[in-house]
Amino acid sequence: MTHSSSTVAPAENPSAKQGFPFLDLKAQFAEIREEVMAAVSRVMESQQFILGPEVAALEEEIKPFVGCEHVFGCASGSDALLLALMALDIGPGDEVITIAFTFVATAGAVARLRARTVFVDIDPETYNLDPDQLEAAITRKTKAIIPVDLFGLPADMDAIIEIANRYRIPVIEDAAQAIGARYKDTLVGSIGDFGCYSFFPSKNLGGAGDGGLITTNDASFAAKLRMLRVHGSKNKYEYPILGINSRLDALQAAILRVKLRYLAAWTAGRRRNADRYRQMFREMKLDDHVKAPLAPSSYFHIYNQFTIRVKERDQLKEHLRMRGIPSEIYYPYPLHLQPAFADLGYRSGDLPHSETASAEVLSLPIYPELSDARLSMVVEGIAGFYRSR
Ligand SMILES: *Cc1c(COP(=O)(O)O)cnc(C)c1O
């Protein structure tokens, strides 16, 4: 022993108050524990783990949330993007347009196929692909456009589809954060050629591990996707094309089927919390400092994140942390400035709106189980920060 217990620092950082979680999955589990355990047990009794009836049932039951005729579970949202690009035969020499202010997987899937990512800047109000910048990025090599419905807010699909159709370029929707979100009454993921979803635990419909879903309304793409996720096989041990191993586990499907029954209510809870934040920002006169997320009335935002924008982001985050109030930064660095994408040759200043957003965004807890008291603590924490300045 080199120290006595009296000199050991307490387990929690003494300078920060013990807080509450940014996302409380334990609270969600407590609500559905018995149903989840029964679903797990059902799969264990069946000993059927790869695809099979649970996955088929989920693919059927999820259709009202994704609005597509053909639906395939796969191993992750990242793989859903990869499978869509593979279905389009994208490879070396091809270009794919997307945004840099997103999760790495959006552009990572393009790089894995040795195609080139072309980044366009975001609309600083929505954080989504700015359609006004799209046309200038199109070349004869452009083989796909990947708009992202970032934080659960649909991208401006009418404008994107109009341009894509004019140039006959397929559209892959990265709806990983936006299951059930609607753009002018149409479900995201059903507007372009492919919809890509993630069941990562922090997504609105999250599994007990990794999982994803790819959707399409095109029968020939569907036939290809069905093969691509099982090594490219049509019948057992016959491979018309080369695919990958990317399937949704039966265990995940069984758990997701339980959670799917709650998804609409959970989304309503997130939207209610978003309204409550906006109302409190007004009441506490924070609107001059804090820019709440845009929510146009013709868009159904599902708030995977509730992301505010503030000039003094890092100081505010630290102020909140000291008071036990959680917040997260999605995303602190835009992809075009990441070392992993250095070969693309982008430089600081190339995508000014993406870069400014990375410096100013802060996501606040929004999960449906968040109590009013905790939500108020968050807003009071923010108000306290601006009073102290
Ligand atoms: C989560 C996410 C993905 C990837 O999903 P995984 O299931 O984690 O592979 C892709 N794009 C976006 C925008 C995401 O948020």
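Coordinates for the structure precede this section.
Computed from a prediction, not measured in an experiment: that's the story for all the values here. (Residues numbered from 1 in each chain as written. Predicted model: local features only at pLDDT ≥ 70, side-chain atom pairs only at ≥ 80, totals over all residues. Heavy atoms only, no water.)

Peer 1: Lay out the packing of aromatic side chains in plain terms, naming residues and giving numbers.
Peer 2: With the rule as written, the count across this model stands at 17 aromatic pairs. Between Phe 101 and Tyr 127 the ring centres are 5.8 Å apart and the planes differ by 50°, which places this aromatic pair in the tilted class. Placement of the pair is Phe 101 in the loop between strand E2 (95-99) and helix H5 (105-112) and Tyr 127 in the loop between strand E3 (116-120) and helix H6 (134-137), with a sequence separation of 26 residues. For the pair shown, Phe 101 and Tyr 127 are each scored as buried. (Phe/Tyr/Trp six-rings, centres within 6.5 Å; stacked < 30°, edge-to-face > 60°. Helix = DSSP H or I, 4+ residues; strand = E, 2+ residues; numbered from the N terminus. Buried < 20%, exposed > 50% of the residue type's maximum accessible area, 1.4 Å probe, protein only.)

Peer 1: Please give an account of the packing of helix H4 (residues 77-87) against helix H8 (residues 219-228) that cites residues and values.
Peer 2: For the pair H4 and H8, the least separation of the axes is 10 Å and the interaxial angle reads 125°. By the angle class used here, H4 and H8 are oblique. In terms of crossing hand, the pair formed by H4 and H8 is right-handed. On the side of H4, the interface is formed by Leu 83, Ala 84, Met 86 and Ala 87, while H8 contributes Phe 221, Lys 224, Leu 225 and Leu 228. Here the contact of H4 with H8 is built from residues that sort into seven nonpolar, no polar and one charged. (Axes fitted to C-alpha atoms, helices over the stretch in contact; angles between N-to-C directions. Parallel < 35°, antiparallel > 145°, perpendicular 65-115°, else oblique. Left-handed = near helix turned anticlockwise from the far one by under 90°. Contact = heavy atoms within 4.5 Å. Nonpolar A, V, L, I, M, F, W, Y, C, P; charged D, E, K, R; others polar.)

Peer 1: Which residues make up helix H11 (residues 352-360), and what values go with them?
Peer 2: Every buried residue of H11 is listed here: Ser 354, Glu 355, Ala 357, Ser 358 and Glu 360. Among the structural elements, strand E11 (306-309), helix H10 (313-322) and strand E12 (361-364) are those in contact with the buried residues of H11.

Peer 1: How would you explain the pairing of E2 if you had to name every residue and give the values?
Peer 2: Consecutive residues of a regular strand have side chains that alternate between opposite faces of the sheet. Across the five residues of E2, five count as buried, placing the element largely inside the fold. The two faces of E2 match: Glu 95, Ile 97 and Ile 99 on one face and Val 96 and Thr 98 on the other face are all buried. With H5 bridging E2 and its parallel neighbour E3, the resulting β-α-β unit is right-handed. (Right-handed = clockwise from strand over helix to strand, strands pointing away.)

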